[in-house]
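Each chain is listed here by its residues.
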Amino acid sequence: TWADIGMIGWLVDGSAIINQIPLCRCSYGPYARAMVRVCKEESFHQRQGYDLLIQMCRHGTQAQKDMCQEALNRWWWPALMMFGPSDADSPNSAQSMQWRIKLFTNDELRQKMVDQTVPQAEYLGLQVPDPDLVWNEARGHYDFGPIDWDEFYAVIKGHGPCNRERLAARVRAHDEGGWVRDAFSAYADKHAPAQAVASSFAPTATHGMRGRPQAIKETIMSQKEWPLWEVFIRSQHGLAHKHVGSLHAPDAEMAINNARDVYTRRNEGLSIWVVKAADIVASSPDDKQPLFEPANSKVYRHPTFFPMPEEIKHM
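No experiment lies behind these values; they were computed from the predicted model shown. (Residues numbered from 1 in each chain as written. Predicted model: local features only at pLDDT ≥ 70, side-chain atom pairs only at ≥ 80, totals over all residues. Heavy atoms only, no water.)

Among the nonpolar cores identified, the biggest contains 40 residues, and M7, W10, L11, Y50, C68, W76 and L124 are the most heavily contacted of them. In contact with M7, not counting residues within four places along its chain, are V12, L53, C68, A71, L72, W75 and L126. Core analysis: the next-biggest nonpolar cluster, separate from the first, contains 9 residues, L247, A252, A259 and V274 among them. (Core = buried A, V, L, I, M, F, W, Y, C linked by side-chain atoms within 4.5 Å. Buried < 20%, exposed > 50% of the residue type's maximum accessible area, 1.4 Å probe, protein only. Contact = heavy atoms within 4.5 Å.)

Here it is in structure tokens:
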């Protein structure tokens, strides 16, 4: 139903963002950096979903509110399952916690989800489908009923309510898309000889001049102007590579070495990227208006487009 769209945004993406926000500070740098952008998307989805439910539950008809309650009845428990098995039954949680890939256990994150979401459901005037749900003053948390983990493992094993339909759709898409794969294969076979010849003259990033014919080496070394390389450095305390300048070098290996000598003389860098300037495709600042117009006209992609009532916290 239409209520499912809002419920998925509120609960499913809400569960995801509770799980992912701590990952922004996890020990694996690439994962942590990616999570920053992912969380922005999840926040937008969560607020969009909750805004939809506000319109249906607080400003809509009784039939629309009933539709939302029915959707909550179906999505509440799967949303709690999204944090994974309980700590006692999770085979990887202990190791992930030791490596600090995870900063909170499955049960801790699930508890946070319940504590944050129940007041939000009350604001909508919806009843959480858990007869055991009660506020525990001593713990400062909600107590909630047992999760049906048999349902959880059944879905994982491919016995969920829509698993067969989804698998059938993917099989059908694969079969009907066979002609596309055949066309790509035919194109690759047609151009393979030319590509093989071209690659025999191409420099390698890790071995520089080694492995190329002597004549090619002499030709490149005798050029009046070596290629221009753009240099990006990741600082000792940074997470991203930043552009620091450019230099000329005959190949990638020499560019790396020159960049090291020029831009990290005092051991400022953790790693170096070099990219041929000729290989960089860039937009013009003069084209800013038409280039970014699609994003400018979609302000609803920003979480702040969906104002939340003052009573709603943690969103």
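This next bit is on the pairing of strand β3 (residues 228-235). The element β3 is largely enclosed, with a buried count of 6 among its 8 residues. Judged from the 7 bridges that link them, β3 and strand β4 (residues 241-248) form a sheet pairing that is antiparallel. Among the inter-strand pairings, W229 is bridged to a residue of β4, identified as L247. Hairpin connection between β3 and β4: a loop of 5 residues separates the two successive antiparallel strands. As paired strands, β3 and strand β5 (residues 269-276) are joined by 7 bridges and run antiparallel to one another. Bridged to W229 within β5 is K276. (Helix = DSSP H or I, 4+ residues; strand = E, 2+ residues; numbered from the N terminus. Pairing = 2+ DSSP bridges.)

Here we take up the side chain of R47. Note on placement: R47 falls in helix α2 (residues 29-58). For the buried R47, no salt bridge is present, and the opposite-charge side chain at shortest range is D51, 8.4 Å distant. Polar contacts involving the side chain of R47 include one to the main-chain carbonyl oxygen of F306, which spans 2.9 Å. Ignoring sequence-local partners within four residues, the contact set of R47 consists of P303, T304, F306, P307, M308 and M315. (Lys, Arg positive; Asp, Glu negative; His and termini not counted. Salt bridge = Lys/Arg side-chain N within 4 Å of Asp/Glu carboxyl O. Polar contact = N/O pair within 3.5 Å; in protein donor to acceptor, adjacent residues only side chain to side chain.)

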